[in-house]
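Coordinate inspection notes
Next come the chains, spelled out residue by residue.
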Amino acid sequence: MKWSEMFAKSSFIDLSGKEQISIKDLIAINPVITITDFSFAKTSNGDTAIVTYKENENNFFFAPTVLTTMLHAISDNTDALEKFKAEGLTVTITETKNKKGNRTYFNFTPVD
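Residues numbered from 1 in each chain as written. Predicted model: local features only at pLDDT ≥ 70, side-chain atom pairs only at ≥ 80, totals over all residues. Heavy atoms only, no water.

Here we look at the overall build of the protein
Scanning the protein from N- to C-terminus turns up 4 helices and 6 strands. Counting across all 112 residues of the protein, residues that qualify as buried make up 28%. Here the contacts in the protein between residues at least 6 apart in sequence split such that 48% fall between residues at least 24 apart. (Helix = DSSP H or I, 4+ residues; strand = E, 2+ residues; numbered from the N terminus. Buried < 20%, exposed > 50% of the residue type's maximum accessible area, 1.4 Å probe, protein only. Contact = heavy atoms within 4.5 Å.)

Comments concerning the sheet that holds strand β4 (residues 59-62)
A sheet is described by the order of its strands in space; here 6 strands give the open sequence β1-β4-β3-β2-β5-β6, paired in mixed fashion. Two strands bound the open sheet, and with one partner strand each, they are β1 (19-20) and β6 (104-110). Pairing of strand β3 (residues 46-53) with β4 involves 3 bridges; the strand directions are antiparallel. Within β4, the position partnered with Ile50 by the bridge is Phe62. (Pairing = 2+ DSSP bridges.)

A closer look at the pairing of strand β2 (residues 32-43)
Here 4 bridges tie β2 to strand β5 (residues 89-97), and the two strands are oriented antiparallel to one another. Each residue of the ladder has a partner; that of Val32, found in β5, is Thr92. Alignment of β2 against β3, held across 8 bridges, turns out to be antiparallel. Bridging across to β3, Ile35 finds its partner in Tyr53. Connecting β2 to the antiparallel partner β3 that follows it, the hairpin turn spans 2 residues.

Brief notes about the pairing of β5
Bridge analysis of β5 against β6 gives 7 bridges, and the strand direction is antiparallel. Note on β6: the bridge partner recorded for Thr94 is Asn107. Connecting β5 to the next strand, β6, in antiparallel fashion are 6 residues, including Gly101 with a positive phi near 80°.

A few points about helix α4 (residues 78-87)
A small share of α4 lies buried, amounting to 1 of its 10 residues. Measuring from the side-chain oxygen of the N-cap residue of α4 to the backbone nitrogen of Asp79 gives 3.0 Å; that N-cap residue is Asn77. Of the residues trailing α4, Gly88 is marked for its positive phi of about 80°. (Polar contact = N/O pair within 3.5 Å; in protein donor to acceptor, adjacent residues only side chain to side chain.)

Description of helix α3 (residues 65-75)
Taken residue by residue, α3 has Leu67, Thr68, Leu71 and Ile74 as its buried positions. For α3, the angular spread of the buried residues around the axis is 115°, confining them to a single face. (Arc of directions from axis to C-beta.)

Describing the nonpolar core
Ranked by size, the top nonpolar core spans 21 residues in total, and within it Val51, Phe61 and Ile93 carry the most contacts. For this core, the secondary-structure elements that each account for two or more residues are α2 (23-29), β2, β3, α3, β5 and β6. When neighbours within four sequence positions are excluded, Phe61 is seen to be in contact with Ile21, Ile23, Leu26, Ile33, Ala49, Ile50, Val51, Tyr53, Leu67 and Phe108. (Core = buried A, V, L, I, M, F, W, Y, C linked by side-chain atoms within 4.5 Å.)

Some words on the environment of Asn56
Secondary-structure assignment places Asn56 in the loop between β3 and β4. Under the relative-accessibility criterion, Asn56 is labelled partly exposed at 29%. Sequence separation between Asn56 and Lys18 is 38 residues, and the spatial gap between their C-alpha atoms is 9.6 Å.

Below you can see the structure in the form of structure tokens.
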């Protein structure tokens, strides 16, 4: 098997021609998005999801831990994965700060 054949059959997202967007910039444009595809990348801190979304198919972003965990739950559940492939996952993104106000977090709340 050739490398190109192996990766062509994988679930990796093709990022050619896509631009990375920060979550902060994404919220400013549209805080409600529909995630249409994702894959996982191994990092020194564990898995990180790489996400594309319907509202701008030319962009992608690296998911924080909370969204990566949600997407792992989807990928590990056959019924949820089928639903995701058919509908995507619509989420509302909000930015919050910790009690000290020195750290920003992003919440991803599913929209039913």
